[in-house]
Amino acid sequence: MLPGVRTEAPNSGYAVVIIGAGVQGLALAYELAKRGQRDVLVVDGSWPGSGASGRNGELIRSAFSSSEWSDFFDLSLDRWQTLSAELDSNLLFNRDGYAVLASTDAQLHSLDVDHRAHRVRGLRSELLDESEARKLLPAAAPALVRGALYQPHGGYAHHDSVVAGYLENAARLGVHIVAGARVVGINHAAGRVTAVRLADGSTIACETLVNAAGGEAPAINELAGVSIELIQARLEMIVTQPTRPFLRPGVASLELLGYCHQTMRGEFVGGTELATVDATSSLSGTWELLRDMATKFVRLFPALAGVRLLRHWAGTVSQTRDLAPVLGHVEELDNFIVSAGWVYGFMGAPAAGELLAELLLTRRVDPRLAPFSAARVRQQDWIREGSLVVEASL
Amino acid sequence: MTPARNVAFTLDGRSLRAAAGATVAEAMHSHGVWTVSRSVKYHRPRGYTCGVGACGNCPVTVNGLPGVTACTRPIKPGDEVRRELGLPTTTFDLLRTADLLRKWLPAGFQFRLFAKRPVLSRISGRMLAILAGGGRFPTDAAMREATVASVRELTVDVLVIGGGISGMRAALTAAEHPDSPTVAIVDELWEGGRARWRTEAVRDETGRSVPSADVEARLRSALDTSSAVLRIPGIALGLLDGLVPVDGGRVRWEIRPRSTVLATGSYETTLLFPNNDRPGVILADAAVKLAVRTDAPIGRRIVVATDSARGHQVAERLRSLGQNVVAVLDSRPVRDVRADTGTSPAAGFRIEMGSTVLGVAGWSKVRRIRHSSGTVAADVLCLAFARRPAEEFALHANYLEHGSTDLGTDTGSARQDATPVRMPTIVVGSATGHSQLDLDDIVDATHRLLQQGGDDLTRTR
């Protein structure tokens, strides 16, 4: 077992129980403990970071179209700048920039609109024209580079390091983390959650329960009798053998519905999405997506032809129809907080951890947190975010 | 007789000659070039180790394409081979300084380094990237070569993955079945698996113990004359939603089998001791293979380390091939080794029982072996230890859900709109984890596959 991780909960009751030891659950646990909250338990059916937190694209930016996304993720991006130092753990946050690539005039125009909105709100981003973007991405096929929206202080971090960093600090501050313990039932009565039941038959009482269960968040909601429209979706990624450095910033391509970057070790890492959502749960890669990713990435970076594939995997996330997360309390239960529907959960974790901790302790909803409420999903008051490389089905 | 060396190639710009049919690694070894690659971080010398493309120690760049596995790539006239990492050269690599400083650069050191100084963290990150990604991009010509020219789709009743004795036996049995199923068999190297380097006997279809090379020759000849089995040269990439893609170089096969036979064999495992990655440390099958195929000394002085009778058999086999085996180090306690291993007193090498390898010394290759009863000068340390089954395809066939213990035989189709298809599968040969090879078991299993749709893989394992 990892240091700080147990196989059984030492206590039979906690002030806060967080379901899911991914980056969201652990960031929240850390932020709570940092603020002096004691008796926090994080429980996971598998091992910490075993879900999307250990399988994601690692990219970090805040240059989105909507004010809701931009404001929230800008808080996160700020936290990322100093997170390694704060956690005293090298998260391998590479501040090598993040470029949203436009391949057509229409795409460039929409990035231009975003950029103007950023300027107004004081969010740092640069609009690069065709020649500037080609200089930034010399290995990209020129035909696909029309311009880019660039954040020099964006980048990527190593997902396992981030999970480990949050975990170690949470454990150090007294959080109990239990792995290999599935939640099979949630006891609730009179609008309050009272306890969680684990697969080994034990029952853990809780004053507040948080659903940070990633791909399995919908199932956890169901156990609590909470119904929020969340579907499980499968995403795939690939990693190549190391090559010499050819790509500095992280890249999101609107044209290819894909995202990628090159790690410090020279491996090219990325994923693409198909237009239709795959709601199954298999963690095996598929031939269809493998071909899609290989074809698209070789189109974008022709020099990748002939480079060997090292790894190919799938992971699951839960997503809402507008692809924005669901954060905060639910109507039916007074002490049940949801942190789910994360498709950009890795980059959003520092902000989510902070704002949800504040919410839990003070019941104050930060204005940056407010737009992502469960209420908006129920009222179908969708957030329109145009700068995603996943297809929203609105 | 040493095969004539009439294939001209270049290695790092040097013009050399190799025997026809030799692999790049064999060609290098025969010219005394034992450092085939360098490790990514510490730039430790690495060389020929497993002989089957499984260990990752021998990537070279051939004709502009990096990452070519030297021990499986046959050398062709005019090939330009370049080794990949090393400054100024792979043989003399100044970056090995990292290896000398490894006490201060432990595994994962970069995770703690410069935690509070982002600028230094980025600079060190960039340096590590340059050191690690030393492989160049494929050249344009290599890229064109690497591009698949055609895709062949194939639906077949029985697909056998692995062309060794077990696979060949299963394929022939399937083809002979009265229902005349269509049969295809895929293998990367088509050299009979490990049959020609194997020292343990095989039990044939009647239960008789016979040398594996004889069985291989017989089955190979039967396969050659059979028009009912399609032989596919290539690497099967996985069982993905009922599809088996096969990388056949310029041809990609996309095979949809109705049932599969996993005859993927087994890997040899190494022994843990300091510097067990030094060139000259070779796994037993690989050493015998090198000796058989190059018909030349594989080293000046060979020591075989083992924990079983197999090591003694390997030593005798090498000896009979004219190799200079000087000692066998058997880690088992002292007992009547002759009776146990069946080796003859005239074997001519020293046998030390109860002797464990403690380490090897040598800067760029093995020079001296330290063991629990002393030291011995040698340049090849041959390891004959445990084997483990090549179970990757079995895992593909079984692995449905993360953390699931449900080992069904569904392909676990990932597409929502597709119905899970049951893929009847059997595992034969050493891929089952059993070391004794019985051909009648394989014949029976193949009949079971065709008649009853195979096995619940949870039971055969």
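Residues numbered from 1 in each chain as written. Chains lettered and ligands numbered in written order. Predicted model: local features only at pLDDT ≥ 70, side-chain atom pairs only at ≥ 80, totals over all residues. Heavy atoms only, no water.

Before going further, it helps to spend a moment on the overall build of chain B. Each helix and strand in chain B was counted, giving 13 helices and 26 strands. Taking the contacts inside chain B whose residues are at least 6 apart along the sequence as the reference set, 65% of them involve residues at least 24 apart. Of the roughly 20700 Å² that chain B leaves accessible, carbon and sulfur atoms contribute 54%. (Helix = DSSP H or I, 4+ residues; strand = E, 2+ residues; numbered from the N terminus. Contact = heavy atoms within 4.5 Å. Areas by Shrake-Rupley, 256 points an atom, 1.4 Å probe, with all protein chains shown as cover.)

This part takes up the overall build of chain A. A tally of regular secondary structure across chain A gives nine helices and 19 strands. In summary, chain A has a C-alpha radius of gyration of 20 Å against a globular reference of 21 Å for 394 residues, a match within 12%. C-alpha extents for chain A along the principal axes are approximately 60 × 40 × 40 Å. Within chain A, the proportion of its 394 residues that are buried is 62%. If you take every contact in chain A between residues at least 6 apart in sequence, the share linking residues at least 24 apart comes to 75%. Here chain A displays about 14000 Å² of accessible surface, and carbon together with sulfur accounts for 50% of that area. (Rg over C-alpha atoms; globule rule 2.2 N^0.38 Å. Buried < 20%, exposed > 50% of the residue type's maximum accessible area, 1.4 Å probe, protein only.)

A separate point is the packing of helix H1 (residues 23-34) of chain A against helix H2 (residues 67-87) of chain A. All names here are of chain A. Where H1 meets H2, the axes come as close as 14 Å, and the angle between the chain directions of the two elements is 65°. Taken together, H1 and H2 sit at an angle that is classed as roughly perpendicular. The hand of the H1/H2 crossing is left-handed. Residue-level inspection shows Tyr30, Glu31 and Lys34 of H1 in contact with H2, the latter providing Arg79, Glu86 and Leu87. (Axes fitted to C-alpha atoms, helices over the stretch in contact; angles between N-to-C directions. Parallel < 35°, antiparallel > 145°, perpendicular 65-115°, else oblique. Left-handed = near helix turned anticlockwise from the far one by under 90°.)

Another aspect to go through is the environment of Ala217(A). Residues and elements named next belong to chain A. You can see alanine 217 is positioned in helix H6 (residues 217-223). When its relative accessible area of 0% is taken as the criterion, alanine 217 is described as buried. Spatially, the C-alpha atom of alanine 217 lies 8.4 Å from that of valine 338, the residues being 121 residues apart in sequence. The contact partners of alanine 217, leaving out residues within four places of it in the chain, are Asn211, Ser318 and Ala340.

Right, let's get into the pattern of salt bridges. For the structure on display, the rule yields 55 salt bridges over all chains. Among the salt bridges present, the one from Arg79(A) reaches Glu354(A), with a minimum N-O distance of 2.6 Å. With Arg79(A) in helix H2 and Glu354(A) in helix H8 (residues 345-362), this residue pair connects regions lying 275 residues apart in the sequence. Classification of Glu354(A) by relative accessible area gives buried; the value is 16%. For Arg252(B), the salt bridge goes to Glu254(B), with nearest N and O atoms at 2.9 Å. Accessibility assignment for this pair places Arg252(B) and Glu254(B) in one class, buried. Salt bridges linked by common partners bring Glu31(A), Lys34(A), Arg35(A), Arg79(A), Glu86(A), Glu354(A) and Glu358(A) together as one network. (Salt bridge = Lys/Arg side-chain N within 4 Å of Asp/Glu carboxyl O.)

Before going further, it helps to spend a moment on the sheet that holds strand S18 (residues 302-306) of chain B. Across a sheet, strands are paired by hydrogen bonds formed along the backbone, either parallel or antiparallel in direction. Residue and element names in this part refer to chain B. Across the sheet, which stays open at both edges, the five strands sit in the order S17-S24-S18-S19-S20 with parallel pairing between neighbours. Whereas interior strands pair on both sides, the edge strands pair on one side only; in this sheet they are strand S17 (281-283) and strand S20 (350-353). Each neighbouring strand pair of the sheet contributes to a mean axis angle of 20°, computed without reference to strand direction. Here S18 pairs with strand S19 (residues 325-330) via five bridges, running parallel. Each residue of the ladder has a partner; that of isoleucine 302, found in S19, is valine 325. Across the face of the sheet, helix H8 (residues 284-294) comes into contact with S17 and strand S24 (380-384) while running at roughly 95° to S17. (Pairing = 2+ DSSP bridges.)

Attention now moves to the nonpolar core. Counting residues in hydrophobic clusters, the biggest one holds 77 residues, and the most contacted among them are Ile18(A), Trp69(A), Phe72(A), Trp80(A), Tyr166(A) and Tyr344(A). At ten residues, the largest contribution of residues to this core is made by H8(A). Setting aside its immediate chain neighbours within four residues, Tyr166(A) contacts Val23(A), Leu26(A), Ala27(A), Tyr30(A), Leu83(A), Leu87(A) and Pro350(A). In terms of nonpolar packing, the next biggest core, distinct from the first, is built from 46 residues, Ala18(B), Val62(B), Val68(B) and Ile302(B) among them. (Core = buried A, V, L, I, M, F, W, Y, C linked by side-chain atoms within 4.5 Å.)

Residue and element names in this part refer to chain B. Of all eleven residues that make up H8, nine are buried, and the element is covered over most of its length. Here H8 has its buried residues at Ala284, Asp285, Ala286, Ala287, Val288, Lys289, Leu290, Ala291 and Thr294. Each element contacted by the buried residues of H8 is listed here: helix H1 (24-30), strand S16 (266-268), S17, helix H9 (309-320), S24 and strand S25 (387-389). Of the residues one or two after H8, aspartate 295 is the one with positive phi, at around 50°.

The next subject is H9(B). Residue and element names in this part refer to chain B. For H9, with twelve residues, the first-to-last C-alpha span of 17 Å sits near the 16 Å given by 1.5 Å per residue. Residues Ala309, Arg310, Gly311, His312, Val314, Ala315 and Leu318 constitute the buried set of H9. Positive phi appears at glycine 322, one or two residues downstream of H9, with a value of about 85°. (Expected span 1.5 Å × (residues − 1).)

All names here are of chain B. For chain B, the mean per-residue pLDDT works out to 87, and 86% of the residues sit at or above 70. Counted against residues more than four places away or in other chains, residues 400-419, with its pLDDT under 50, gives 53 contacts. The complex model carries a pTM of 0.85, and its ipTM stands at 0.79. (pLDDT = per-residue confidence, 0-100.)

Our next topic: the pairing of strand S14 (residues 244-248) of chain B. Residue and element names in this part refer to chain B. Bridge analysis of strand S13 (residues 235-236) against S14 gives two bridges, and the strand direction is antiparallel. By the bridge assignment for S14, isoleucine 235 is matched with aspartate 247. Relative to strand S15 (residues 251-262), S14 runs antiparallel, the two being bridged by five bridges. Residue pairing for S15: glycine 248 is matched across the bridge by valine 251. If you look at the hairpin formed by S14 and S15, you'll find two residues sitting between the two strands, and glycine 249 has a positive phi there, around 80°.

To continue, consider the sheet that holds strand S1 (residues 5-11) of chain B. Residues and elements named next belong to chain B. Strand order in the open sheet made by the five strands is S2-S1-S7-S5-S6, with mixed pairing throughout. Every other strand in the sheet has two partners, leaving strand S2 (14-19) and strand S6 (65-69) as the edge strands with one partner each. Strand-to-strand twist across the sheet, computed as the mean angle between neighbouring axes with direction ignored, equals 45°. As defined by bridge partners, S1 adjoins S2 across six bridges and the pair is classed as antiparallel.

Once that is clear, we can look at unusual backbone geometry. Following Leu87(B), the chain continues into Pro88(B) via a peptide bond in cis, with omega recorded as 0°. Mapped onto the elements, Pro88(B) comes out in the loop between strand S7 (80-82) and helix H2 (97-100). The backbone phi angle of Glu58(A) is positive, close to 70°, even though this residue is not glycine. When you line up the elements, Glu58(A) lands in the loop between strand S3 (40-43) and strand S4 (59-60). Positioned with a positive phi, Leu257(A) is a non-glycine residue whose angle comes to about 50°.

Per the stated rule, a full pass over the model turns up 15 aromatic pairs over all chains. An angle of 75° between the planes, with centres 5.8 Å apart, marks the rings of Phe268(A) and Phe301(A) as edge-to-face. Taken as a pair, Phe268(A) in strand S16 (residues 268-272) and Phe301(A) in the loop between helix H7 (287-300) and strand S17 (309-319) lie far apart in primary sequence, 33 residues in all. The same class applies to Phe268(A) as to Phe301(A), namely buried. Through a chain of ring-to-ring contacts, the aromatic side chains of Phe64(A), Trp69(A), Phe72(A), Phe73(A), Trp342(A), Tyr344(A) and Phe372(A) assemble into a single cluster. Geometry around Trp190(B) places Arg231(B) over its ring, the cationic atom sitting 5.8 Å from the centre. One cation-aromatic arrangement involves Lys365(B) over Trp34(B); the distance from NZ or CZ to the ring centre is 4.0 Å. (Phe/Tyr/Trp six-rings, centres within 6.5 Å; stacked < 30°, edge-to-face > 60°. Lys NZ or Arg CZ within 6 Å of the ring centre and 35° of its normal.)

Considering the arrangement of structural elements, one finds Ser84(A) in helix H2. A polar contact of 3.1 Å, which involves the side chain of Ser84(A), links it to the backbone nitrogen of Leu91(A). (Polar contact = N/O pair within 3.5 Å; in protein donor to acceptor, adjacent residues only side chain to side chain.)

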